[in-house]
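Understanding the architecture of this molecule
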Amino acid sequence: MQLAPYASDPASSRGRRHPEVPAPTRTEYQRDRDRIVHSTAFRRLVYKTQVFLNHEGDLYRTRLTHSLEVAQLGRSIARSLALNEDLVEAIALAHDLGHTPFGHAGQDALHECMREHGGFEHNLQSLRVVDRLEERYADFDGLNLSFETREGILKHCSKTNAAELERQEPGGVAARFLDGGQPSLEAQLANLADEIAYNAHDVDDGVRSGLLSIEQLEAVPLFDAHLRETLGAHPALRGRRLLFEALRRMLSVQVYDVIDATRRQIQQAGVRDSADVRRSGVLVNFSESMRQDSRELKRFLFANLYRHPDVVATTSRARQVIAGLFAAYREGWPDVAITAAPGISIERAISDYIAGMTDRFATREFERLTEGRAFD
Ligand code: MG
């Protein structure tokens, strides 16, 4: 398929940190995608929480199924806009590789533990996984991905961490957080697809868990419009099938909205090539009205799901597990000695180890270590 002139062209990639001979049959971004799929961190995503803890039920999203949904939405939109599907897919599949066990609770807890030692940011950790922590190749640490994939993985970054990255890699993936530039359209798209995916699947999982009801969701205009439309076409529909049908319609409308709005924004900005993209504002976006609808859905999820007492109760337990593990490793309890590579603090090594854990490994390890001991 012919790519748009503003799409990322693998032939003009800024390349890899360790130069490699091109693959005979695959483009650089296909190769990145394949390396991500074969990584250890990718397989761990199956046992990492999105919102609901992994042991709570078999049908909730995990980081793996979430990442697959992001890749699906991203590719679908990329194809319509003639952007590079392989790059979007690579970024989508890698975007959560640095997530801790237990979702956001785990991340907050680890950040708290690391407060005096440089903190913890999951986007930066995803980059750390693909740049350093994967141990698969003879010639280098990490997966040695191309610049454009790494740039997309580093979705957000604090100024302090960006300055540190910039020191290690001048003009590299962190430069835009210091000089205000934008990443490729593919990176922008993977970012928005992430948001579209979790807003929809958290509604689905929320209702599945019984913490949200379809009636309650009628207060959310974006969902309610599609619920009504579904009931108009299928008046007898109830329960899960009604929910799925409404969500499916909601997703489609958001996808079409992004395609139209982005096309318009690219045209209005007079973007001709991928260098123009980096100088323009955010181009992959919803229309103004959809942006507002999406914000309202997000607000609803915060108020009613993410801050639901049942979710808060499990997340506070998760926080305790992370803090407990960190303390145990730091004190070097018997048989848990962790060694740090040269130039890495012991706290960072512990943080890397904990961040790499699956929910169930972290739980088992906590139970093993704390037998007869209390942290609080
Ligand atoms: Mg995500």
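It should be emphasised that the depicted structure is a prediction, and the values quoted were computed from it without experimental measurement.

Summing up its helical and strand segments, the chain has 18 helices and zero strands in all. Relative to the 2.2 N^0.38 estimate, which gives 21 Å for 376 residues, the radius of gyration of the chain is 21 Å and therefore close to what a compact globule would have. When its C-alpha atoms are laid out on the principal axes, the chain stretches across 65 × 50 × 35 Å. The proportion of buried residues among the 376 residues of the chain is 54%. Residue pairs in contact within the chain that sit at least 24 positions apart in sequence constitute 70% of those at least 6 positions apart. Accessible area of the chain: about 17,600 Å², with a carbon and sulfur share of 50%. Averaging the coordinates of the 48 positive side-chain charges in the chain and doing the same for the 55 negative ones gives two points 1 Å apart.

End to end, helix α16 (residues 309-330) covers 31 Å across 22 residues, agreeing with the expected 32 Å (1.5 Å per residue, within 8%). Residues V311, T315, A318, V321, I322, G324, L325, F326, A328 and Y329 constitute the buried set of α16. Those residues of α16 that are buried lie in contact with α5 (103-113), α15 (288-306), α17 (346-355) and α18 (359-369). Among the residues trailing α16, G332 stands out with phi positive, at a value near 60°.

By size, the foremost hydrophobic cluster in this structure holds 78 residues, and its most contacted members are I36, L97, L154 and F223. Core analysis: the next-biggest nonpolar cluster, separate from the first, contains 26 residues, L110, A318, V336 and A362 among them.

Another aspect to go through is the coordination of the magnesium ion. At 2.1 to 2.8 Å from the magnesium ion lie its protein donor atoms, namely H66 (NE2), H95 (NE2), D96 (OD) and D194 (OD). Mapped onto the sequence, the donors of the magnesium ion take the spacing H-x28-H-D-x97-D. Of the two residues, D96 sits in the loop between α4 (85-94) and α5 while D194 sits in helix α10 (residues 185-209), which places them 98 residues apart along the sequence. For D96, a relative accessible area of 3% corresponds to the buried category. The exposure class of D194 is buried, given its relative accessible area of 6%.

Attention now goes to α4. Given 3.6 residues per turn, any residue in an α-helix points the same way as the ones three and four places further on. Extensive coverage of α4 is indicated by the burial of nine of its ten residues. Where α4 is concerned, the buried positions are E85, L87, V88, E89, A90, I91, A92, L93 and A94. Those residues of α4 that are buried are in contact with α1 (28-37), α2 (40-44), α3 (63-81), α6 (122-133), α7 (147-153) and α10. Two or three places before D86, at the opening of α4, N84 has a side-chain oxygen 3.0 Å from that residue's backbone nitrogen.

For the rest of this paragraph, the subject is empty space enclosed by the protein. Across all of its chains, the model carries two cavities of 30 Å³ or more by this definition. Each pocket or cavity is described by its volume, and for the largest cavity that value is around 50 Å³. What lines the largest cavity is I91, H95, N123, G152, I153, K155, A187, A190, N191 and D194. If you list the elements that add at least two residues to the lining of the largest cavity, you get α7 and α10.

Right, let's get into the packing of helix α12 (residues 221-233) against helix α13 (residues 239-268). The interhelical angle for the contact between α12 and α13, taken along N-to-C directions, is 120°, at an axis separation of 8 Å. Comparing the axis directions of α12 and α13 gives the class oblique. At the point where α12 passes α13, the crossing takes the right-handed sense. The segment α12 lies against α13, with L222, F223, H226, L227, E229, T230, L231 and A233 engaging L242, L243, E245, A246, L247, R249, M250, V253 and Q254. A class-by-class count of the residues in the contact of α12 with α13 yields eleven nonpolar, three polar and three charged.

Conventions we followed
- Residue numbers here run from 1 along each chain, matching the order of that chain's written sequence.
- Totals for whole chains, interfaces and linings use every residue, but because this is a predicted model, local features are given only for residues with pLDDT of at least 70 and side-chain atom pairs only at 80 or more, for both listing and counting.
- Calculated side-chain values reflect all of the structure's heavy atoms, with hydrogen atoms and water omitted.
- Helix and strand labels come from DSSP, where a helix needs a run of H or I of at least four residues and a strand needs a run of E of at least two; each type is numbered from the N terminus.
- Atoms counted for the radius of gyration: C-alpha only. Globule rule: 2.2 Å times residue count to the power 0.38.
- The buried label applies to any residue whose accessible area, calculated with a 1.4 Å probe on protein chains only, is under 20% of its type's maximum; exposed applies above 50%, and partly exposed to all values in between.
- Residues count as neighbours in contact if any of their non-hydrogen atoms are within 4.5 Å of one another.
- Per-residue and other accessible areas were derived by the Shrake-Rupley procedure at a 1.4 Å probe size, with only the shown protein chains allowed to occlude residues.
- Counting rule applied: Lys, Arg positive; Asp, Glu negative; His and chain ends not counted.
- Note that the charge is assigned to NZ on lysines, CZ on arginines, CG on aspartates and CD on glutamates.
- Working rule for helices: expected span equals 1.5 Å times residues minus one.
- The term nonpolar core refers to a set of buried residues drawn from Ala, Val, Leu, Ile, Met, Phe, Trp, Tyr and Cys, joined through side-chain atoms within 4.5 Å.
- Shown as donors are all N, O and S atoms within 2.8 Å of a metal ion, widened to 3.2 Å for Na, K and Ca; because water is not in the atom set, sites may appear incomplete.
- Here a polar contact is recorded for every N or O atom pair within 3.5 Å, except that within protein the pair must consist of a potential hydrogen donor and a potential acceptor, and residues adjacent in sequence are included only if both atoms are side-chain atoms.
- A 1.4 Å probe that fits but cannot get out identifies a cavity on a 1 Å grid over protein atoms alone, an open set with protein on both sides within 12 Å along at least five of seven lines counts as a pocket, and a residue lines either if it has an atom within 4 Å of a point.
- Grid points are joined across faces, edges and corners, and a volume is the space filled by probe spheres set on the points.
- Working convention: axes come from line fits to C-alpha atoms, limited for helices to the stretch in contact. Angles between N-to-C directions cover 0 to 180 degrees.
- If an angle is under 35 degrees, it is roughly parallel; if it is over 145, roughly antiparallel; if it lies from 65 to 115, roughly perpendicular; otherwise it is oblique.
- Throughout, a crossing is termed right-handed when the near helix is turned clockwise from the far one, and left-handed when it is turned anticlockwise from it by less than a right angle.
- Classification used: nonpolar for Ala, Val, Leu, Ile, Met, Phe, Trp, Tyr, Cys and Pro, charged for Asp, Glu, Lys and Arg, polar for all others including Gly.

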